[in-house]
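# Results of the structural survey
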Amino acid sequence: MLKKILIVDDSPVAIRILKVCLPPELDVEFMEAKNGAEGLECFKRFKPDLTFLDLTMPVMDGFEALEEMLKVDNKALVIIVSADVQKQVVDRVMSLGAFLMVYKPPSRNTIQAAVNKAVAKMQEMRVS
Amino acid sequence: MTILKDANVLFSEEEKSILQEVMNISFGNAVAELAEIIDVLIRLSVPSVTLVSGKDFQRDLANKIEITPPYNSIEQSFSGKLNGYVFMIFPEGSEKKLTALLGDYQEHLDPVEETRLEKGALIEIGNILTGACVGKLVDVLDENVSFTPPRLEMASSPSWQTPLNLIGQESVVISVKTEFKFMAHDINGYFFLITNEESLHWFKKALHTFMEQF
Ligand SMILES: [Mg+2]
């Protein structure tokens, strides 16, 4: 049921690390974007089941992109993956409606746990 | 300014981009540590990595600072497998806001005492950010370094003379820049990390080792 994943990060290295940490058995289509503005466009067009979103990015940062994505679809599952681990930042993204926040650099365990939670949430939303 | 012809051979785009991400992680952690101590929200920028020649790095640094001099420059060197300098630049006037943020202000201070407190605030905040950032950087890369105590320069144009002993005119310098802004306090500043040519070789190896774990 997880078919499409969007990854938004200005760092190609961060995207590569994230993809390596994803469960190897996933059979999904990927879309990548290098800033919040591109990410938002991709989000509208691609309609991902799950989005991984960085915060510190040029053009449009992740805070704004998150808000805009949730305006488009208020049930969107967006996982923030960021090195900005200030408590106020974590509180803010969670109150904006992020599904989860993962600290950089991510590990296989944290990413796989996050994906499992997202899948469980998708099932729950489908039932209700 | 000298264009480094074989800059790409010395340090590839790939290596720059790994260093950029590692720096992003390190500075993000440092800022979170500072925000535990003082009640601030700090907005970060995307770090940028450039290679410059030893004789150009001072001019390069000055060109990258978009605040009007004079400014406060908190400088600290570190050594180990990685050798370099960190410069933290705050605009003039920020020393008063930072002192207030640390809760160090008292009423009716004489100017000498006030200046002492302000210098102390700059040095303390510089020291926290530098220690946490460079500490995390080398930690991510599985190494450690030792620091000299921070020094504060308040000048219209910092000389940045000291690093030349470490760097040498002929050598290649890796220069990493991050901008930050203390939200709600209208304080913006810069964090520069520069390392010498010997460190470049260690950096290359350590960055690839970092990527191999994934
Ligand atoms: Mg980023």
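Residues numbered from 1 in each chain as written. Chains lettered and ligands numbered in written order. Predicted model: local features only at pLDDT ≥ 70, side-chain atom pairs only at ≥ 80, totals over all residues. Heavy atoms only, no water.

## Notes on the overall build of chain A
- Scanning chain A for helices and strands turns up five helices and five strands.
- Going residue by residue from the N terminus, the α and β elements of chain A occur as β-α-β-α-β-α-β-α-β-α.
- The C-alpha atoms of chain A give 13 Å as radius of gyration, which agrees with the globular expectation for 128 residues (14 Å, within 12%).
- When its C-alpha atoms are laid out on the principal axes, chain A stretches across 35 × 30 × 30 Å.
- A buried classification covers 52% of the 128 residues belonging to chain A. (Helix = DSSP H or I, 4+ residues; strand = E, 2+ residues; numbered from the N terminus. Rg over C-alpha atoms; globule rule 2.2 N^0.38 Å. Buried < 20%, exposed > 50% of the residue type's maximum accessible area, 1.4 Å probe, protein only.)

## So, the overall build of chain B
- In terms of helices and strands, chain B carries seven helices and eight strands.
- The globule rule puts the C-alpha radius of gyration for 214 residues at 17 Å, and the 17 Å found for chain B is close to it.
- Split into buried and exposed, the 214 residues of chain B put 55% on the buried side.
- The contacts in chain B between residues at least 6 apart in sequence include a share of 76% that link residues at least 24 apart.
- Carbon and sulfur atoms make up 49% of the accessible area of chain B, which totals about 9400 Å². (Contact = heavy atoms within 4.5 Å. Areas by Shrake-Rupley, 256 points an atom, 1.4 Å probe, with all protein chains shown as cover.)

## Some points on the nonpolar core
- Membership of the largest hydrophobic core comes to 78 residues, with the highest contact counts inside it found for Phe52 of chain A together with Phe90, Phe182 and Phe203 of chain B.
- In terms of residue count, the dominant contributor to this core is helix H5 (residues 111-140) of chain B (11 residues).
- Setting aside chain neighbours within four positions, we find Phe182 of chain B in contact with Leu34, Ile38, Val40, Leu41, Ile42, Phe90, Leu98, Leu101, Ile125 and Ile187 of chain B.
- Core analysis: the second largest hydrophobic core is formed by 24 residues, Phe43, Leu55, Ala65 and Ile80 of chain A among them. (Core = buried A, V, L, I, M, F, W, Y, C linked by side-chain atoms within 4.5 Å.)

## What about the coordination of the magnesium ion?
All names here are of chain A.
- Only Asp10 (OD), Asp54 (OD) and Thr56 (O) from the protein reach the magnesium ion as donors, at distances of 2.1 to 2.2 Å.
- Counting the intervening residues between successive donors of the magnesium ion yields the motif D-x43-D-x1-T. Thr56 carries the same exposure label as Asp54, and that label is buried. (Donors = N, O, S within 2.8 Å, 3.2 Å for Na, K, Ca; no water.)

## Observations concerning the packing of aromatic side chains
Residues and elements named next belong to chain B.
- For the coordinates displayed, the defined rule picks out 10 aromatic pairs over all chains.
- Relative to Phe180, the ring of Phe90 has its centre 5.6 Å away and its plane inclined at 75 degrees; by these criteria the two rings are edge-to-face. Of this pair, Phe90 sits in strand E4 (residues 84-91) while Phe180 sits in strand E7 (residues 172-182), placing them 90 residues apart in sequence. This pair shows no difference in class: Phe90 is buried, exactly as Phe180 is.
- Considering the side-chain rings of Phe90 and Phe182, the 6.2 Å spacing of their centres and the 85 degrees angle between planes classify their relative orientation as edge-to-face. You can see Phe90 sitting in strand E4 and its partner Phe182 sitting in strand E7, a full 92 residues away along the chain.
- Classification of Phe182 as buried rests on a relative accessible area of 0%.
- Members of the aromatic cluster, each reached through a chain of ring pairs, are Phe27, Phe90, Phe180, Phe182 and Phe191. (Phe/Tyr/Trp six-rings, centres within 6.5 Å; stacked < 30°, edge-to-face > 60°.)

## Focus: the interface of chain A and chain B
- At the interface, 22 residues of chain A touch 22 residues of chain B.
- Carbon and sulfur atoms make up 63% of the area that chain A and chain B hide from each other, which totals about 1800 Å².
- Viewed at the interface, chain B and chain A are joined by two salt bridges.
- On inspection of chain A and its partner chain B, the count reaches five residue pairs in polar contact (both at pLDDT 80 or more). (Buried area = accessible area lost by both parts, 1.4 Å probe. Salt bridge = Lys/Arg side-chain N within 4 Å of Asp/Glu carboxyl O. Polar contact = N/O pair within 3.5 Å; in protein donor to acceptor, adjacent residues only side chain to side chain.)

## With respect to the side chain of Thr178 of chain B
Residue and element names in this part refer to chain B.
- Looking at the secondary structure, you find Thr178 in strand E7.
- On the basis of relative accessible area, Thr178 is assigned to the buried category, the value being 1%.
- Apart from residues lying up to four places away in sequence, Thr178 is in contact with Met23, Phe27, Ser45, Pro47, Gly189, Tyr190 and Phe191.

## Notes on unusual backbone geometry
- Along the chain, Lys104 of chain A connects to Pro105 of chain A via a cis peptide bond; the corresponding omega equals -5 degrees.
- That bond from Pro69 of chain B to Pro70 of chain B is cis: its omega, 0 degrees, falls within 30 degrees of zero.
- In this structure, Pro70 of chain B sits in the loop between helix H3 (57-64) and strand E3 (71-80).
- The phi dihedral of Val59 of chain A falls on the positive side, at around 65 degrees, and the residue is not glycine.
- With respect to the secondary-structure elements, Val59 of chain A resides in the loop between strand E3 (50-53) and helix H3 (62-72).
- Its identity is not glycine, yet Asp142 of chain B carries a phi of approximately 60 degrees, on the positive side.

## Remarks on H5 of chain B
- In a regular helix each residue adds 1.5 Å, so 30 residues correspond to 44 Å; H5 of chain B covers 43 Å between its end C-alpha atoms and thus fits that length.
- Following H5 of chain B by one or two positions, Asp142 of chain B has its phi on the positive side, about 60 degrees. (Expected span 1.5 Å × (residues − 1).)

## Focus on the pairing of strand E1 (residues 4-8) of chain A
Residue and element names in this part refer to chain A.
- For E1, the buried fraction is high: four of the five residues fall into the buried class.
- Sheet analysis places E1 next to strand E2 (residues 29-33), joined by five bridges and oriented parallel. Pairing of Leu6 across the sheet is with Met31, part of E2.
- Handedness of the β-α-β unit built from E1, helix H1 (residues 12-21) and E2 comes out right-handed.
- Looking at chain direction, E1 and E3 are connected through four bridges and run parallel. (Pairing = 2+ DSSP bridges. Right-handed = clockwise from strand over helix to strand, strands pointing away.)

Function cannot be read off these values alone, since they describe shape.
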